[in-house]
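Below, each chain spelled out in residue letters.
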Amino acid sequence: MTTPLTRADVTGLITAERIQRGVRWSQVAEEVGASKEWTTAACLGQMALEADQAQAVVRIFNLPAEAEHILQAPPYKGSMPAVVPTDPLIYRLHEMVAVYGPTIKELVHEEFGDGIMSAIDFRIDLSREPDAAGDRVRIVLSGKYLGYKEF
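Residues numbered from 1 in each chain as written. Predicted model: local features only at pLDDT ≥ 70, side-chain atom pairs only at ≥ 80, totals over all residues. Heavy atoms only, no water.

- As recorded by an unreviewed UniProt entry, the protein carries the name Cyanate hydratase and is attributed to Mycolicibacter arupensis.
- The Catalytic activity (unreviewed entry) comment attached to the protein in UniProt states, word for word, "cyanate + hydrogencarbonate + 3 H(+) = NH4(+) + 2 CO2".
- The protein has a UniProt comment under Sequence similarities (unreviewed entry) that states "Belongs to the cyanase family." (UniProt positions renumbered as here; feature names shortened; annotations may be inferred.)

## Brief notes about the pairing of strand β1 (residues 115-129)
Strand residues, when the strand is regular, have side chains that alternate between the two faces of the sheet.
Here is step 1 of the chain: Of the pairings in the sheet, the one linking β1 to strand β2 (residues 136-147) comprises eleven bridges and is antiparallel in character. In the strand pairing of β2, M117 is matched with Y145. (Pairing = 2+ DSSP bridges. Helix = DSSP H or I, 4+ residues; strand = E, 2+ residues; numbered from the N terminus.)

## A short note on the packing of helix α2 (residues 25-32) against helix α4 (residues 51-60)
Here is step 1 of the chain: At a minimum axis separation of 9 Å, α2 and α4 run at an interaxial angle of 140 degrees. Classified by the angle between their axes, α2 and α4 sit oblique to one another. As α2 packs across α4, the resulting crossing turns out to be right-handed. Listed contacts from α4 to V28, E31 and V32 of α2 are Q53, A56, V57, R59 and I60.
Here is step 2 of the chain: Counted by class, the contact of α2 with α4 contains five nonpolar, one polar and two charged residues. (Axes fitted to C-alpha atoms, helices over the stretch in contact; angles between N-to-C directions. Parallel < 35°, antiparallel > 145°, perpendicular 65-115°, else oblique. Left-handed = near helix turned anticlockwise from the far one by under 90°. Contact = heavy atoms within 4.5 Å. Nonpolar A, V, L, I, M, F, W, Y, C, P; charged D, E, K, R; others polar.)

## Regarding the packing of α2 against helix α3 (residues 36-43)
For any two helices packed against each other, one specifies the inter-axial angle together with the distance between the axes.
Here is step 1 of the chain: Orientation of α2 relative to α3, taken along the N-to-C sense of each, is 95 degrees, at an axis distance of 8 Å. Taken together, the axis directions place α2 and α3 in an arrangement best described as roughly perpendicular. Across the interface between the two elements, W25, S26, V28, A29 and V32 from α2 touch K36, W38, T39, T40 and C43 from α3.
Here is step 2 of the chain: Here the contact of α2 with α3 is composed, by residue class, of six nonpolar, three polar and one charged.

## A few points about the side chain of T40
Here is step 1 of the chain: For T40, the location among the structural elements is in helix α3.
Here is step 2 of the chain: A residue is classified by how much of its surface remains accessible, and T40, at 0% relative accessible area, is buried.
Here is step 3 of the chain: Here T40 is in contact with W25, T103, E106 and L107, once residues within four sequence places are set aside. (Buried < 20%, exposed > 50% of the residue type's maximum accessible area, 1.4 Å probe, protein only.)

## Focus on unusual backbone geometry
Here is step 1 of the chain: Located in the positive-phi region is N62, a residue other than glycine, with phi close to 55 degrees.
Here is step 2 of the chain: Secondary-structure assignment places N62 in the loop between α4 and α5 (67-72).

## Some thoughts on the pattern of salt bridges
Here is step 1 of the chain: Enumeration over the complete set of coordinates arrives at ten salt bridges.
Here is step 2 of the chain: Among the ionic pairs, E110 bridges to R24, the shortest N-O distance being 3.6 Å. Of this pair, E110 sits in helix α6 (residues 88-112) while R24 sits in the loop between α1 (7-21) and α2, placing them 86 residues apart in sequence.
Here is step 3 of the chain: Classification of R24 as partly exposed rests on a relative accessible area of 35%.
Here is step 4 of the chain: Between E111 and R24 there is a salt bridge; the shortest N-O distance is 3.8 Å. Residue E111 is found in helix α6, and its partner R24 is found in the loop between α1 and α2; the two are separated by 87 residues along the sequence. (Salt bridge = Lys/Arg side-chain N within 4 Å of Asp/Glu carboxyl O.)

## Brief notes about α2
Here is step 1 of the chain: Listed as buried for α2 are W25, V28, A29 and V32. All buried residues of α2 project into a common sector of 100 degrees when viewed along the axis, lining one side.
Here is step 2 of the chain: Against the buried residues of α2 lie α1, α3, α4 and α6.
Here is step 3 of the chain: Phi for G33, located one or two positions after α2, is positive at around 85 degrees. (Arc of directions from axis to C-beta.)

This is the structure in structure tokens:
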């Protein structure tokens with residue numbers, strides 16, 4: 001009897017295939033019909049795809065047919081192990097990083113290479129963004145890229 005695929009298995013297959021074939025997240029996003037940020041998060045197990053999007057991902061990454069239903073299932077979001085803050089605003093920032101952190105990491109590595117974004121040489125811009133449905137909080141983070149050095 002074969003063990004059924006899990007969301008983690010599907011994410012692992014996507015990651016391995018993407019790396020082996022040099023597929024860019026922006027290419028996947030174009031075929032899925034969504035932003036590269038959302039598509040990356042979905043492929044990394046943080047979002048549920050619609051049927052047509054799941055079919056595209058299965059095709060792009062040559063996944064087993066059963067992966068299509070797994071990709072459409074609501075995931076356990078923000079599954080990074082950590083102590084969760086209790087202040088509501090800080091919790092929401094924590095939630096954003098828990099859900100989109102792996103996506104940001106993938107995209108930074110794809111764009112810059114193996115390194116980090118500095119929190120020392122760093123800028124943040126927080127502003128109010130008027131919106132008819134209710135004002136929005138706009139946060140722009142800008143940190144210097146620091147590549148790991150060989151020694």
